[in-house]
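# A closer look at the structure
For reference, the chains in residue letters:
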Amino acid sequence: MAYLMSGAWPSDVRHVLSPDATAEELGIAILDALTHCRFIPPEHPDFDKLFTKRNAAELVDAYDAELMRLAGVKTKKSLYLGSKGVDVTRHTDWGEIRIHACSRRKGRYFWSRKSDVTGNETVPVTASALELGEAYLRALAMGGSVS
């Protein structure tokens, strides 16, 4: 199951794709999430409201509950067992989209990037949905072992 999320706002775009989603379907979902994402700087009036510890914990619990329901599992351990993550960041000033594969380490939400360059891909911001999806899948495949 691929789960894509554009940020910490409760109204943000979320896509849940089947495990057999095509590279183009992944690319379309990633481009949509990137279109809806935004950076909230600390001086923004809603920053404290959005990023308080309590609000963050509530959002994470709600995300987990929905993912557990969709995945058909009953525990968070089962949900995250053997999982990998991919961080996708659009850098419009540089004209590129960077993709970094992460593997799950000890702890519930601790993701660590590998120290070597495997699992990293870069595509131009003008890349098609298919090209972006293929780069995502390559990064995920090279993203290191899960512990």
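Residues numbered from 1 in each chain as written. Predicted model: local features only at pLDDT ≥ 70, side-chain atom pairs only at ≥ 80, totals over all residues. Heavy atoms only, no water.

## Quick notes on the overall build of the chain
The criterion, for reference: For the purposes of this entry, the term helix denotes a DSSP run of H or I that reaches at least four residues, the term strand denotes a run of E that reaches at least two, and both are numbered from the N terminus. For the area figures, the Shrake-Rupley method with a 1.4 Å probe applies, and any residue is considered shielded solely by the protein chains shown.
When its secondary structure is counted, the chain shows 5 helices and 6 strands. Traced from its N-terminal end to its C-terminal end, the chain shows the element sequence β-β-α-α-α-α-β-β-β-β-α. When the accessible surface of the chain is summed, it comes to about 9,100 Å², and 57% of that surface belongs to carbon and sulfur atoms.

## What about the pattern of salt bridges?
Put simply, the rule is: What counts as a salt bridge is simple: a side-chain nitrogen of Lys or Arg found within 4 Å of a carboxyl oxygen of Asp or Glu.
Summed over all chains, the structure comprises 5 salt bridges. Two residues, Asp64 and Lys76, come together in a salt bridge whose shortest N-O distance is 3.9 Å. Taken as a pair, Asp64 in helix H3 (residues 53-71) and Lys76 in helix H4 (residues 76-80) lie far apart in primary sequence, 12 residues in all.

## Examining helix H5 (residues 129-142)
Heads up, the rule is: Between the first and last residue of a helix there are one fewer steps than residues, each counted as 1.5 Å, and that sum is the expected span. Whether a residue is buried, partly exposed or exposed follows from its accessible area with a 1.4 Å probe, protein chains only, as a fraction of its type maximum: under 20%, in between, or over 50%, in that order. Arc definition: directions from the helix axis to the C-beta atoms.
With 14 residues, H5 should cover 20 Å at 1.5 Å per step; its first-to-last C-alpha distance of 20 Å lies within 8% of that length. Within the sequence span of H5, burial applies to Ala129, Leu132, Gly133, Ala135, Tyr136 and Ala139. One side of H5 carries all its buried residues, which in axial view fall inside an arc of 160 degrees.

## Section: the nonpolar core
Most often, soluble globular proteins have nonpolar side chains that are buried together. Spelled out, the test is: Nonpolar core, defined: a set of buried Ala, Val, Leu, Ile, Met, Phe, Trp, Tyr and Cys residues in which side-chain atoms within 4.5 Å join the residues together. The contact criterion used is simple: two residues touch if any of their non-hydrogen atoms lie within 4.5 Å.
Within the largest apolar cluster, 16 residues are counted, with the highest numbers of intra-cluster contacts made by Ile97, Ile99, Val123 and Leu132. Not counting the four nearest positions on each side in its chain, Leu132 is found in contact with Gly27, Ile30, Leu31, Ile97, Ile99 and Val123.

## Things to note about the confidence of the model for the chain
Heads up, the condition is: pLDDT runs from 0 to 100 and stands for how confident the predictor is about each residue.
Per-residue pLDDT for the chain averages 76, and the proportion of residues at 70 or more is 73%. Within the chain, the element-level pLDDT minimum falls on strand S1 (residues 2-5), averaging 47, and the maximum on helix H1 (residues 23-36), averaging 91. Low pLDDT (under 50) marks residues 110-117, which in the prediction has 18 contacts with non-local residues, meaning those over four places away or in another chain.

## Focus: H1
Over its 14 residues, H1 extends 20 Å from the first C-alpha to the last, a length consistent with the 20 Å expected when each residue adds 1.5 Å. For H1, the set of buried residues is Ala23, Leu26, Gly27, Ala29, Ile30, Ala33 and Leu34. All buried residues of H1 project into a common sector of 165 degrees when viewed along the axis, lining one side.

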